[in-house]
Amino acid sequence: MSAMARWCFQHRRWVAAAWLLAMVAVIGVGKVAGSDFGSSFSLPNTDSQAAVSLLTHNFPAASGEGDQVVIQAAHGSTVRSAAVRADVTSALARVAAVPGVESVASPYAHGDAAQISRDGTVAFAVVTWDKQSSAVTGGDAQNLIKAAESADSANVHVSLSGQSITNSERPSPGFTVGVGVIAALAVLLVIFGGAVLAALLPLLGAIVALVLGTSLIGLLSHVMSISSVSTELAVLIGLGVGVDYGLFIISRHRSAVKQGMSYADAASLAVATSGRTVLLAGLTVCIALLGQFLLGVSFLYGVSVSAAVAVALTMATALTLLPAMLGFLGPRVLSRRERARLASVAASGRHAAPAPARGFWLRWARFVEARKVLVAVGSLAAVVAIALPIFGLRLGTSDASTDPASSTTHQAYTALAAGFGPGFNGPLELVAQSGSARDVTAFDQLLATVAHTPGVASVTPTVTSPNEKVLLATVYPTTSPQASQTVSLVNELRGQLIPRADSGTSLVVHVGGVTATNIDFAHVLTDKLPIFIAIVVLLAFLLLMAVFRSLLIPLLASVMNLLSVGAALGAMNAVFSWGWGGSLLRLSGTGPVDAFLPVLIFSVLFGLSMDYEVYLISRIQEEWRNRAATGLSAANRNKAAIITGQAKSGPVIAAAASIMILVFGSFMLGGARELAEFGFGLAFSVLVDALLIRSLLVPALMHLFGPANWALPRWLDRVLPRLAVEGAEPAAALADLDARVLADSAGSAGSAVPDGPGHTAPNLVIRDHSRY
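Here the residue numbering is sequential within each chain, running from 1 through the sequence in written order. Totals for whole chains, interfaces and linings use all residues, but because this is a predicted model, local features are given only for residues with pLDDT of at least 70 and pairs of side-chain atoms are given and counted only at 80 or more. Side-chain numbers here rest on the full set of heavy atoms in the structure, without hydrogens or water.

S.K.: I'd love a proper account of the overall build of the chain, names of residues and values included.
M.R.: By definition, any uninterrupted DSSP run of H or I lasting at least four residues is a helix, any uninterrupted run of E lasting at least two residues is a strand, and each is numbered from the N terminus. When you go through the chain residue by residue, the secondary structure sums to 25 helices and 11 strands. Using C-alpha atoms as the atom set, the radius of gyration is obtained and then compared with a globule rule of 2.2 Å times the number of residues to the power 0.38. Taking 2.2 N^0.38 as the reference for a compact globule, 772 residues should give roughly 28 Å; the C-alpha atoms of the chain span a radius of gyration of 30 Å, in line with that estimate. Counting only C-alpha atoms and orienting by the principal axes, one finds that the chain spans roughly 95 × 50 × 45 Å. A total of 772 residues make up the chain; the buried ones form 55% of that total. Between two residues, a contact is recorded if the distance between any of their heavy atoms is within 4.5 Å. At a minimum sequence separation of 6, the contacts of the chain that also span at least 24 residues come to 80%. All accessible areas in this document rest on Shrake-Rupley with a 1.4 Å probe, and a residue is counted as covered only by the protein chains that are shown. Here the chain has roughly 29700 Å² of accessible surface; of this, 62% comes from carbon and sulfur atoms. In summary, the charge assignment counts Lys and Arg as positive and Asp and Glu as negative, without counting His or the chain termini. To locate a charge, the coordinates of NZ of Lys, CZ of Arg, CG of Asp or CD of Glu are taken. In the chain, 48 side chains carry a positive charge and 44 a negative one; their mean positions are 17 Å apart. Exposure classes here rest on a 1.4 Å probe applied to the protein chains alone. A residue is buried below 20% of its type maximum, exposed above 50%, and partly exposed in between.

The following block contains the structure:
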């Protein structure tokens, strides 16, 4: 990696031109080919998927996406008023003429009964498309909304609900991306001491990667099913990790330049050290994301591939484009004050001393060591307390009651709930395969039983398919689609009522519809999530064991990463399901945590936690190796390495975490609940990870473990491949340094800890210590 970085630095024009050419080529091809976004959502071997398949093959007219046009009369009028009826009928005729609409079931077509509320103020029409919701484009949905809302007047308000309507109202992430970029730039300016060009470099690398990534994802949508939300998530994930990766590399480059290294050598060292951390962390994220294929849920395939493409490209720009751009910047990677200080040192004929660890982070590291038992117990208790709500975690799909109050879907939900009850926002479908008159009779008896079941508001009459092989009825629960009582009703239908009804007949009945599909989706992910987590954790454990040649360090990292994810999910459940602090976040309502988010959050957070863990441990391990010939006892050598390594890595980890928190926190400004959940979970987890786990718990436990941190059985050492992450800087005699590091904190809290003996150090030479 050192040679690659040096080549990129020396051939910076070629590298920059190659990235620019790649951008132009991919964007150009993307413009010509366009995109074909559309989610292929299927759940093999589930009851709801069997219902979809049965309708698709035997009753196409009833198998398409179903939306609802909700009519609410106002100012003393009712939906039966002549003026209201005329406006609504005219609007529904326009709806029926929208391309792609298969049928419209008007509330006035069946004797003013089932689709008009008892007080006559609310009614709804059912719009059936000739395709599934994943195939209904945003333009199709907008045409439907425009046609339906043509009935809006002083006496009637029209709103719409349904999956295609929800998809069309999804806000663009442009605003949140802009806020995230500005916030990241502000932090980078502070960290880099006002060096504007250096602060812009991580953003440049991330933006180049994301421009390429979004175009590639659009092209991939022709090859595999990818939803438009996949691109949005990929952009937000790529922005966060891309800026972090750039920060690690540029911070190490600037540090080396301040130590007197040439710009080429500094760039080479940055990629050979921090660049390996970026490579390992990026690969971990990509593996975790692509591991979602193991879940067998087609909806997640596009999400995982899109996010993996974004992460891989940000990793590539960090390792190749940034060294080239550092070559263009030269001394301007430092601020004017820093350049003046470096010139003064050079003019005096002295060697630049390696940047010492001093101040707050040194005092913090000594505090952790001095009170390691208290720190370990206290920080562990805090993380566990934060994660406790995870035991009440309920996965599902939030309904329209949690949409922004200004959205048409929220207004439709409120009107339907007021006129008919919340269950009318998520009807269930009973889909039966019939082969005889006896089967038809059994199905009718089932409907009669279901109608009198607690939790059921009403049941529609049977509709028979044209080939008379399929029977269809709609069941309206008394509770909302996201309510646990609705889940219980579906389980009762499948587990008790249906088996009793079809016993002794050839009748086969399935429970389908959007609500049942969402319930099955949550069940599938809940069942498979533990296996997915176990596989990713095991792979990461083996990788870290090969890198750090230790058993305790990868074990500690795996447990800490799981604690970090647990804290995120626990906090998400407390806020979004229980409503803690919901008013501060301006949430419209509470509901279950969306089922696909824990999988995605785990994939991203595991990689981010790995990022911070590798950066921290590699610095500590570097100090441990540099002290091999100092004559210190193993215990004191371990102690000095942890204090110095933590003091050196602390500022960069804190800065990287601050950027992540601000970038991910900006997701909550977009208005979409899924993005708000995703952003909050990631931001809160990074806060816990950086503040409690990496700054307190991990170093405290490493102090308690002592030299056993670096123990590995000889037979295992021979079997494992030898990998290196951070290349160690050349070691010198560290006796004076370690005497100061190991001194009593009260007497040396303000002293500095340089990289080498005394106050000066020879110019550093880059070496690749891959033999470790």
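Right, picking up where we left off after that structure.
S.K.: Describe a nonpolar patch on the surface, naming the residues involved and giving the relevant values.
M.R.: Here a patch means residues that are over 30% exposed by relative accessible area and free of salt bridges, tied together within 9 Å if like-charged and within 5 Å if nonpolar (Val, Leu, Ile, Met, Phe, Trp, Tyr). Criterion for a salt bridge: a side-chain nitrogen of Lys or Arg within 4 Å of a carboxyl oxygen of Asp or Glu. On the surface, Leu283, Ile287, Leu294, Ile531, Ile535 and Leu539 cluster together into a nonpolar patch covering about 540 Å² of accessible area. Secondary-structure elements contributing two or more residues to the nonpolar patch are helix 10 (263-290) and helix 18 (514-548). The leading source of residues in the nonpolar patch is helix 18, at 3 residues. Within the secondary structure layout, Leu539 lies in helix 18.

S.K.: Before we move on, could you go through the environment of Leu584 and cite the residues and values that matter?
M.R.: Take Leu584: it is sitting in the loop between helix 19 (552-577) and strand 11 (593-594). On the basis of relative accessibility, which here comes to 74%, the residue Leu584 falls in the exposed class. Spatially, the C-alpha atom of Leu584 lies 58 Å from that of Arg438, the residues being 146 residues apart in sequence.

S.K.: Tell me about the side chain of Asp439, and name the residues and values.
M.R.: Examined against the element boundaries, Asp439 turns out to sit in helix 16 (residues 437-451). Here Asp439 sits buried without a salt bridge, and the closest side chain of opposite charge, Arg438, lies 6.2 Å off (N-O distance). Once you skip the residues sitting within four places of it in the chain, Asp439 turns out to touch Ser434, Thr505, Ser506 and Leu507.

S.K.: Just give me the short version of unusual backbone geometry, but keep the residues and values in it.
M.R.: Although it is not a glycine, His75 adopts a positive phi angle of roughly 55°. Position of His75 relative to the elements: it lies in the loop between strand 1 (66-73) and helix 4 (82-96). The class of His75 is exposed, set by a relative accessible area of 68%. Unlike most non-glycine residues, Arg549 shows phi in positive territory, near 50°.

S.K.: Tell me about the state of the cysteines, residues and numbers included.
M.R.: In plain terms, two cysteine sulfur atoms within 2.5 Å form what is called a disulfide here. Inspection of every chain in the model, using the stated rule, returns 0 disulfides. Residue Cys8 stays outside any disulfide, its sulfur separated by 19 Å from that of Cys286, the closest cysteine. Cys286 sits in the buried class, given a relative accessible area of 11%.

S.K.: I'd like a description of the nonpolar core, backed by residues and values.
M.R.: Grouped together as the largest cluster of nonpolar side chains are 158 residues, with contacts concentrated most on Tyr245, Val297, Leu525, Phe678 and Met702. Per element, the largest residue contribution to this core is 19 residues, and it comes from helix 11 (residues 298-329). Discounting chain neighbours no more than four positions away, the residues touching Met702 are Ile553, Leu556, Ile617, Ile620, Asn638, Ile642, Asn709 and Trp710. The nonpolar core is taken to be a set of buried Ala, Val, Leu, Ile, Met, Phe, Trp, Tyr and Cys residues, with the residues joined through side-chain atoms within 4.5 Å.

S.K.: Report on the sheet that holds strand 3 (residues 122-129), specifying residues and quantitative values.
M.R.: Here a strand pair is declared whenever DSSP counts at least two bridges between the two strands. The strand order across the open sheet built from 4 strands is 2-3-1-4, with neighbouring strands paired in antiparallel fashion. Each of the sheet's edge strands pairs with one partner strand only, and the pair in question is strand 2 (101-105) and strand 4 (156-161). Put simply, the sheet's adjacent strands are angled 20° from each other on average, direction ignored. By the bridge criterion, 4 bridges tie strand 2 to strand 3 in an arrangement that is antiparallel. Looking at strand 3, one finds that Ser103 is bridged to Thr128. Axis lines are fitted to C-alpha atoms, over the contacting stretch for helices. Their N-to-C directions set the angle, which ranges from 0 to 180 degrees. Its contacts with the sheet place helix 4 against strand 1, strand 2, strand 3 and strand 4, and it is angled at close to 160° to strand 2.

S.K.: Tell me about the environment of Leu294, residues and numbers included.
M.R.: Checked against the element boundaries, Leu294 lands in the loop between helix 10 and helix 11. Classification of Leu294 by relative accessible area gives exposed; the value is 53%. Along the chain, Leu294 and Lys528 lie 234 residues apart, while their C-alpha atoms are 8.5 Å from each other.

S.K.: Requested: an account of the packing of aromatic side chains, with residues and values cited.
M.R.: Pairing of aromatic rings covers Phe, Tyr and Trp, the last counted by its six-membered ring, and requires centre-to-centre distances within 6.5 Å; plane angles under 30 degrees mean stacked, over 60 mean edge-to-face, and any other angle means tilted. In the structure shown here, the tally under the stated rule is 18 aromatic pairs. Ring centres of Phe124 and Phe420 lie 5.2 Å apart, and the angle between their planes is 80°; this geometry places the pair in the edge-to-face category. Residue Phe124 is found in strand 3, and its partner Phe420 is found in the loop between helix 15 (408-419) and strand 6 (428-433); the two are separated by 296 residues along the sequence. As far as the burial class goes, Phe124 and Phe420 line up, both buried. In our convention, an over-ring charge means Lys NZ or Arg CZ found within 6 Å of a ring centre and within 35 degrees of that ring's normal. Over the face of the ring belonging to Phe9 we find Arg12, whose NZ or CZ atom lies 5.3 Å from the ring centre. The positively charged end of Arg12 is found above the aromatic ring belonging to Phe328, 6.0 Å away from the centroid.

S.K.: Describe the pairing of strand 6, with residues and values.
M.R.: With 6 bridges joining them, strand 6 and strand 9 (residues 470-477) adopt antiparallel strand pairing. Paired with Gln433 across the bridge in strand 9 is Val470. With 5 bridges connecting them, strand 6 and strand 10 (residues 508-512) associate as antiparallel partners. Counterpart to Val431 in the pairing with strand 10 is His510.

S.K.: Outline the confidence of the model for the chain, listing residues and values.
M.R.: Within a predicted model, pLDDT stands for the predictor's per-residue confidence, ranging from 0 to 100. Per-residue pLDDT for the chain has a mean of 84; in total, 91% of the residues score no lower than 70. Helix 25 (residues 745-748) is the least confidently modelled element of the chain, averaging 42 in pLDDT, while helix 14 (residues 372-387) averages 95, the highest of any element. This stretch, residues 744-772, has a pLDDT under 50; its non-local contacts, to residues over four places away or in other chains, come to 69 contacts.

S.K.: Go over the pairing of strand 4 with me, naming the residues and quoting the values.
M.R.: For strand 4, the buried fraction is high: 5 of the 6 residues fall into the buried class. Here strand 1 pairs with strand 4 via 6 bridges, running antiparallel. Within the sheet, the bridge partner assigned to Val69 lies in strand 4 and is Leu160.

S.K.: Can you lay out the packing of helix 17 (residues 484-502) against helix 18 for me, pointing to particular residues and giving the numbers?
M.R.: Packing of helix 17 against helix 18 brings their axes to within 11 Å, and their N-to-C directions diverge by 90°. Relative to helix 18, the element helix 17 is oriented roughly perpendicular. Of the residues in helix 18, those in contact with Thr486, Val487, Val490, Asn491 and Arg494 of helix 17 are Thr515, Ala516, Ile519, Asp520 and His523. Here the term charged refers only to Asp, Glu, Lys and Arg, the term nonpolar to Ala, Val, Leu, Ile, Met, Phe, Trp, Tyr, Cys and Pro, and the term polar to all other amino acids, Gly among them. In the contact of helix 17 with helix 18, the residues fall into 4 nonpolar, 4 polar and 2 charged. The labels follow the angle: roughly parallel below 35 degrees, roughly antiparallel above 145, roughly perpendicular from 65 to 115, and oblique for the rest.

S.K.: Provide a residue-level description of helix 17, including the pertinent values.
M.R.: Two residues of an α-helix separated by three or four positions point the same way, owing to the 3.6 residues in each turn. Its 19 residues give helix 17 an end-to-end C-alpha distance of 26 Å, which sits within 8% of 27 Å, the value for a rise of 1.5 Å per residue. The largest bend along helix 17 reaches roughly 40° and is located at Leu493. Every buried residue of helix 17 is listed here: Thr486, Val487, Leu489, Val490, Leu493, Leu497, Ile498 and Asp502. Packing partners of the buried residues in helix 17 comprise strand 6, helix 16, strand 7 (456-459), strand 9, strand 10 and helix 18. Expected span, for any helix, means 1.5 Å times one less than how many residues it has. Across the chain, bend at a residue is computed as the angle between axes fitted to the seven residues ending at that point and the seven starting from it.

S.K.: Could you give me a rundown of the environment of Glu338, with the residues and numbers involved?
M.R.: When you line up the elements, Glu338 lands in helix 12 (residues 336-347). Taking the relative accessible area as the measure of exposure, Glu338 reaches 12% and is therefore buried. For Glu338 and Arg254, which are 84 residues apart along the polypeptide, the C-alpha to C-alpha distance reads 9.9 Å. Sequence-distant contacts of Glu338, that is, excluding residues within four places in its chain, are made with Phe192, Arg254 and Lys258.

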